[in-house]
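So the chains spell out like this:
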2 protein chains.
Amino acid sequence: MPSPVRFTLLAADPSTQARAGLLTTPHGSVETPAFMPVGTQATVKGLLPDQLVAIGTRMVLANAYHLTLRPGESVIQQLGGLHRFMGWDGPILTDSGGFQVFSLAERRQVTERGVSFRSHLDGSAIELTPESAITIQEALGADVAMCFDHCPALPADKQTIADATARTVRWAIRCRDAHRRPDQALFGIVQGGAHEDLRAQCVEQLLALDFPGYAIGGVSVGESRAEVLRAIEATAPRLPTDRPRYLMGVGRPQDLLEAIARGVDLFDCVLPTRNGRNATCLTATGLVKLRNAVHKTDSRPIEENCPCPACRRFSRSYLRHLFLAGEMLGPILASLHNLAFLHRLTAAARQAIQAGTFAAYLNGTLELLGP
Amino acid sequence: MPSPVRFTLLAADPSTQARAGLLTTPHGSVETPAFMPVGTQATVKGLLPDQLVAIGTRMVLANAYHLTLRPGESVIQQLGGLHRFMGWDGPILTDSGGFQVFSLAERRQVTERGVSFRSHLDGSAIELTPESAITIQEALGADVAMCFDHCPALPADKQTIADATARTVRWAIRCRDAHRRPDQALFGIVQGGAHEDLRAQCVEQLLALDFPGYAIGGVSVGESRAEVLRAIEATAPRLPTDRPRYLMGVGRPQDLLEAIARGVDLFDCVLPTRNGRNATCLTATGLVKLRNAVHKTDSRPIEENCPCPACRRFSRSYLRHLFLAGEMLGPILASLHNLAFLHRLTAAARQAIQAGTFAAYLNGTLELLGP
């Protein structure tokens, strides 16, 4: 049976590993590289689907962990599935809950069978297994489901990471065996920390399972920037060119570009919306902090020539006022801008890759962005 | 000099006092009866100007009291005035601060000169006088400014109300004398509580000042519904037919219709947005409380056949989930619906007035709305 989600490689940069491609899903296609806004609780915080479409969002992420706790996947299934529930007609990817179980859940116990823990909402006892993570994600009905992985927090000794990586592979086999839904693809997740040998081994074992896409997991868990790059470099070149590569949890513009240069196609991160809610805006020349007094009568938009709804109409002075007054519209507008910025960044990267000029684009953009 | 804001009476209902009219301002015209969403701090909470336009908002209100405290009218003036600051190209009315001074400010002292008080934000000492209220509103640059009035909280004895009403008239003279801005109209405010004689006297004295519009103030300050109706009945019939009549602070659908029947043209109230933030929605058949468990798997929109962005795309089940999860999108969507509901209500009233069928519309609509 052909996968409902396919990746077509359209261009490869001659001097880096950067790629431009097209991801096709049952709910439309996505030009890559692409950034996916995070809709943890079936909503990208503060934004309507139409607003997302208007700033260039093509695919969003939602979290199976949060949604099984509240409102429960059976509610969403009764309402016609996640697309209809959240009013998003485009592609959706659901995270399996692996990352959240290891970052949010309380009184966690890991066994070969799965993970038992207490809900961070009400303390109720919950178990997630590879099989139940698939059942939940099939009920949600996203275009892409993720394998349930063991994602240890760093720093951790190599043996701990090796054990988690081996378990991730065993759980991936169980996920693949459990997965039935024909209009949903299941992606594998590569673990292995910053260890090249563990990453290489994990890739080799997952490739035998022939997933239609692969994620680089185990980043954004407390490691250094250099370790992230090592993890990507140990993973991406070993993945098949005809499958999409998704770096989980990375959204800092500089990191995103470095990852694109190393062959990554897809990204998600709460950074643009979380920073937006905290009045911190992404621009091509670095961060703009809207609460700063320097913006008191600043008539400039967040970023000159940005076509987003925040920059088209509002001054930094107004946005500063909204944040100081505790008005919702501040987080809304800053989130819109930050997401629009990342969408423009990946679109420009794609254009440079197709033009064969990505290396120059990368260097110039990183220099402007600053450290 | 002709007023920059004019009112044209287009139709009068044969069996009630209801009127349909057109209010023209330097920033466009408004079909009346009309409801003005409240943008206290230069933003209708959680909503972008484009979203307001899409649901039928034509004119918004902002509060001089809040804006002089933060960010200060000089900031807004430097940024090109309130329209440009908040990105609203349509008509704006600013409340003078009278109501807020008497409801929010601390350690208030009223003299003939004006009101001294402490800011509710930081306790700083502030004085508002008729002259400074006009200076602030001229700096903000709304299409309509309001006189600075003395608005006593009810219940109050008749002498207290009589004194406040007489002071309101004396202050109105000072406001009129202070007001210079040629592209801004200044409306008078009628006080007098629920006392017909005080209202009548206040109207008579204000009419001598020939304002281009008149507000019915002193309601929504703790009085009964019957007292509001008495205040309207004592005021509206005495006002000239060629001037707009604005009932301040009323937004409950039933009250709005009763006021339209008594000849009121304009309304403002925080009710639709405040209720929206609290998950309470206005519908033609009464309130819908989105947090209620009965909506857990309710696939219906807030209101069938409502064309607003909340009802077009989202179920009560999803909206309930948003509120229980503490997601911003809940308040946003419920506010959009509630404002759209009031705009549809006033538009339907207008249509009925023009068709000569307002009395039947009123009775049928009130019966459906319930008490």
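Rules used throughout
Residues numbered from 1 in each chain as written. Chains lettered and ligands numbered in written order. Predicted model: local features only at pLDDT ≥ 70, side-chain atom pairs only at ≥ 80, totals over all residues. Helix = DSSP H or I, 4+ residues; strand = E, 2+ residues; numbered from the N terminus. Rg over C-alpha atoms; globule rule 2.2 N^0.38 Å. Buried ≥ 20, exposed ≤ 12 C-beta atoms within 10 Å, placed from the backbone. Contact = placed C-beta atoms within 7 Å. Pairing = 2+ DSSP bridges. Axes fitted to C-alpha atoms, helices over the stretch in contact; angles between N-to-C directions. Least-squares fit on C-alpha atoms with pLDDT ≥ 70 in both. Domains from an automatic or database assignment. Nonpolar A, V, L, I, M, F, W, Y, C, P; charged D, E, K, R; others polar. Core = buried A, V, L, I, M, F, W, Y, C linked by C-beta atoms within 7 Å. Arc of directions from axis to C-beta. Parallel < 35°, antiparallel > 145°, perpendicular 65-115°, else oblique. Left-handed = near helix turned anticlockwise from the far one by under 90°.

## A closer look at the overall build of chain A
Item 1. When you go through chain A residue by residue, the secondary structure sums to 15 helices and 16 strands.
Item 2. Compactness check: chain A gives a C-alpha radius of gyration of 20 Å against a globular reference of 21 Å for 371 residues, within 12% of the reference.
Item 3. Projected onto the principal axes, the alpha-carbon positions of chain A cover approximately 60 × 50 × 40 Å.
Item 4. Sorting the 371 residues of chain A into buried and exposed places 57% on the buried side.
Item 5. Intrachain contacts of chain A at a sequence separation of at least 6 include 68% that bridge at least 24 residues.

## Some thoughts on the sheet that holds strand β7 (residues 106–110) of chain B
Sheets are built from strands that pair by backbone hydrogen bonding, the pairs being arranged parallel or antiparallel.
Residue and element names in this part refer to chain B.
Item 1. Strand order in the open sheet formed by three strands is β7-β8-β9, with antiparallel pairing between adjacent strands. If you trace the sheet from one side to the other, it starts and ends with β7 and β9 (125–128), each paired once. The sheet shows a mean angle of 15° between the axes of neighbouring strands, taken without regard to direction.
Item 2. Across three bridges, β7 lies against strand β8 (residues 115–118) in antiparallel orientation. By the bridge assignment, Glu 106 is partnered in β8 with Arg 118.

## Section: the relation of the copies chain A and chain B
Item 1. When chain A is fitted to chain B, the residual RMSD is 0.0 Å, and the transformation amounts to a turn of 180° plus an axial shift of 0.0 Å. When the rotation and shift are considered jointly, the pair of chain copies conforms to a two-fold rotation axis.
Item 2. Counting the interface residues of chain A, we find that 100% of their copies in chain B are interface residues as well, pointing to one common contact surface.

## Focus: the domain arrangement of chain A
Residues and elements named next belong to chain A.
Item 1. Domain annotation of chain A identifies domain 1 (6–268) and domain 2 (270–371).
Item 2. Of note, the centres of domain 1 and domain 2, computed from C-alpha atoms alone, are 26 Å apart.
Item 3. Every contact between the two is made by 30 residues of domain 1 and, on the other side, 30 residues of domain 2.
Item 4. Among the secondary structure elements, those contributing two or more residues to the side of domain 1 that touches domain 2 are β2 (19–25), β4 (34–37), α1 (49–55) and α10 (253–261).
Item 5. Broken down by element, the residue count for the side of domain 1 that touches domain 2 peaks at six residues, all from α10.
Item 6. Of the residues assigned to the side of domain 1 that touches domain 2, the class counts are 17 nonpolar, eight polar and five charged.

## Considering the nonpolar core
Item 1. Among the nonpolar cores identified, the biggest contains 246 residues, and A:Phe187, A:Leu247, B:Phe187 and B:Leu247 are the most heavily contacted of them.
Item 2. When near neighbours in sequence (up to four residues on either side) are disregarded, A:Leu247 contacts A:Ile216, A:Val219, A:Ile232, A:Ala259, A:Val264 and A:Phe267.

## What about helix α9 (residues 225–235) of chain A?
Residues three or four positions apart in an α-helix share a direction because the helix packs 3.6 residues into each turn.
All names here are of chain A.
Item 1. Listing the buried residues of α9 in full gives Val 228, Ala 231, Ile 232, Ala 234 and Thr 235. Along the axis of α9, the buried positions cluster into a sector of 165°, meaning they face one direction only. When the buried face of α9 is taken as reference, the exposed residues oriented beyond 90 degrees from it are Arg 225 and Ala 226.
Item 2. Of the surrounding elements, those touching the buried residues of α9 are β11 (185–190), α8 (196–207), β12 (214–216), β13 (245–247) and α10.

## Details of the sheet that holds strand β1 (residues 6–12) of chain B
All names here are of chain B.
Item 1. One open sheet holds the three strands; their spatial order is β1-β2-β3, and the pairing between them is antiparallel. The outermost strands of the open sheet, each flanked by one partner alone, are β1 and β3 (28–32). Neighbour to neighbour, the strand axes of the sheet diverge by 15° on average, direction disregarded.
Item 2. In this sheet, β3 lies alongside strand β2 (residues 19–25) in antiparallel orientation, the contact comprising five bridges. Looking at β3, one finds that Thr 24 is bridged to Ser 29.

## Some details on the pairing of β2(A)
Item 1. Burial within β2(A) is extensive, with five of its seven residues counted as buried.
Item 2. The hairpin turn running from strand β1 (residues 6–12) of chain A into β2(A), its antiparallel successor, is six residues long.

## Focus: helix α13 (residues 316–324) of chain A
Item 1. Among the nine residues of α13(A), eight are classified as buried, and the element is accordingly described as predominantly covered.
Item 2. Along α13(A), the residues that are buried comprise A:Arg316, A:Ser317, A:Tyr318, A:Leu319, A:Arg320, A:His321, A:Leu322 and A:Phe323.
Item 3. In this structure, the buried residues of α13(A) make contact with α14 (329–355) of chain A together with α3 (73–78) and α4 (82–86) of chain B.
Item 4. A:Gly326 occupies a position one or two residues after α13(A) and carries a positive phi of about 70°.

## A word on the packing of helix α6 (residues 130–140) of chain B against helix α7 (residues 158–178) of chain B
Residues and elements named next belong to chain B.
Item 1. Direction vectors running N to C along α6 and α7 enclose 40°, while the axes themselves pass 8 Å from each other. Of the possible angle classes, the one that applies to α6 and α7 is oblique. The handedness of the crossing between α6 and α7 is right-handed. The residues of α7 that touch α6, namely those facing Pro 130, Glu 131, Ala 133 and Ile 134, are Trp 171, Arg 174, Cys 175 and Ala 178.
Item 2. In the contact of α6 with α7, the residues fall into six nonpolar, no polar and two charged.

## Some details on the interface of chain A and chain B
Item 1. Across the contact, 31 residues belong to chain A and 31 residues belong to chain B.
Item 2. The set of elements that each furnish at least two residues to the side of chain A that touches chain B consists of α3 (73–78), α4 (82–86), α12 (309–313), α13 and α14 of chain A.
Item 3. Looking at the side of chain A that touches chain B, the element that brings in the most residues is α13(A), giving five residues.
Item 4. Across the side of chain A that touches chain B, the residue classes break down as 16 nonpolar, 10 polar and five charged.

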